[in-house]
Amino acid sequence: MVNTTSAGLIGVVLLARHGDRSGALFQNYTTYDSTQGYLTPYGASQEYNLGYYLRQTYLNPASPSYIQGIKTDIADVNQFFVRADAGGGNVILDSAYALLQGLYPPTTASNSTLANGQTVQAPLGGYQYIPVESLEFWQAPSLTSWMECGYFQDHLIRLNSGAVFSDAATQAAPFLQAVQPYLNGMNGSFLNIIYDYLNVQYTHNATFYKSFPETLLQQARYFANIHEQNVFTDSVPNGIGQIAIRTLWPEIFWSLGNMTLPNNTVKLALTEVDYKPFISLFNVTNATVTNPEISGIADYASAVAFELSQNTAGEYVVAMKFKNGTNDEAFKPLTISGQNNLTLPNMIKALDSTTINSTINWCFSCNQTLLRGCSVFNFSNDPFLHGVD
């Protein structure tokens, strides 16, 4: 562990999960291809509240986690780098906007004076517009790296036919039988993830809410956690099951590294994603060893923070924290490779071997030569790019 000063933070890199959405997400369990739903007012409120919590944590000069030099009331867009997975109903992209509303709420000070002396206030009570970079599925694989990834689909095939899922399905059999009348004809096998459907109905369907036993919802979440924890982890740090975080590490490292440069202006970097990278992240960093309760699916509006500070020796130090949606009132510290914090070089050294840092590396890691931009590369002379038996 590295001792840090209490002079505040240099910067913060955040991963945030989207808020509650309309409609159930029916993922094909053989591919995990999916289409985003739409952010609900409830989900927007969850994200707004997360943004407000982040405001109190990082933008309040009285907070021990205050980011040094960040603008507290009027956002300076040069101090932010925000991106979000886009596509379908844009629940993830819209969640980023809702979070930013809580981080920098409307203010009458958001105005400008024209050359003729007229002062014009931004609409909606002084709404603050922080740019968000949207990343569509077809543009790059970094935020949805498991989709159309051949080796990941091989990983799914092995799981779906293996002993772990077979044993879990046997354990889940009484639950699956009890829940069948509530599925409206939906396939109720263990491999078909039914928790999402039940959770959406329990949240938004008053008739369903009154008739469905909450204990069954808890069991559905339990088995969904088992399923997803196995899908998005692996036995080795650079295994294909960890791919959801492996394509995000380069951006995290780049953002943290830039924050150490004297000419850097970015104080806070935010990437809005779904639940999958959280599972891989906690497994790769071994955070689940010391905090096993964080395994499985992170709740809506969850967030992971990588906080950058300097210790008394002048070294840049990173600490990782997690807030599990509305279940947690505040961030909880997590370990990285068994340590409460690591110097930035040591963190990168510990995790660099797990990264996939370019589209061509993703193509190679996934045995993909045609889709998602891979067709522009020449793999004809590569003897290693073959499928898994």
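Everything here concerns the structure above.
Only a predicted model underlies this, so the values are computations on that prediction, with no experimental measurement involved. (Residues numbered from 1 in each chain as written. Predicted model: local features only at pLDDT ≥ 70, side-chain atom pairs only at ≥ 80, totals over all residues. Heavy atoms only, no water.)

(A) Seen up close, the nonpolar core. Grouped together as the largest cluster of nonpolar side chains are 45 residues, with contacts concentrated most on Tyr-32, Phe-152, Leu-198, Phe-232 and Ile-243. Looking at this core, the elements with two or more residues in it are α4 (150-160), α5 (163-179), α6 (195-204), α8 (214-231), α9 (243-246) and α14 (359-366). In this structure Phe-232 touches Tyr-32, Trp-146, Phe-152, Gly-241, Gln-242, Ala-244, Tyr-275, Lys-276, Ile-279 and Ser-280, once residues within four positions along its chain are discounted. Grouped together as the second largest cluster of nonpolar side chains are 35 residues, Tyr-53, Ile-70, Ala-75 and Leu-93 included. (Core = buried A, V, L, I, M, F, W, Y, C linked by side-chain atoms within 4.5 Å. Buried < 20%, exposed > 50% of the residue type's maximum accessible area, 1.4 Å probe, protein only. Helix = DSSP H or I, 4+ residues; strand = E, 2+ residues; numbered from the N terminus. Contact = heavy atoms within 4.5 Å.)

(B) Layout of unusual backbone geometry. Positive phi, close to 65°, is recorded for Tyr-32, a residue that is not glycine. Relative to the helices and strands, Tyr-32 is located in the loop between β2 (21-22) and β3 (38-39). Despite not being glycine, Leu-124 has its phi angle at roughly 60°, a positive value. Since its relative accessible area comes to 68%, Leu-124 is described here as exposed.

(C) Region of the structure containing the side chain of Ser-280. With respect to the helices, strands and loops of the structure, Ser-280 is situated in helix α11 (residues 276-284). Those residues in contact with Ser-280, other than ones at most four positions away along the chain, are Phe-232, Gly-241, Gln-242, Ala-244 and Ile-245.

(D) Main features of the state of the cysteines. In total, this model carries two disulfides according to the counting rule given. Two residues, Cys-363 and Cys-374, share a disulfide whose sulfurs are 2.0 Å apart. In this structure, the disulfide formed by Cys-363 and Cys-374 twists by about -95° around the S-S bond and is classed as left-handed. One end of the pair, Cys-363, is in helix α14; the other, Cys-374, is in the segment after α14, and eleven residues separate them in sequence. Like Cys-363, the residue Cys-374 is buried in the burial classification. With its bonded cysteines labelled in order along the sequence, the protein chain shows the pairing 1-3, 2-4. (Disulfide = S-S within 2.5 Å.)

No statement about biological role is implied by the geometric values presented.
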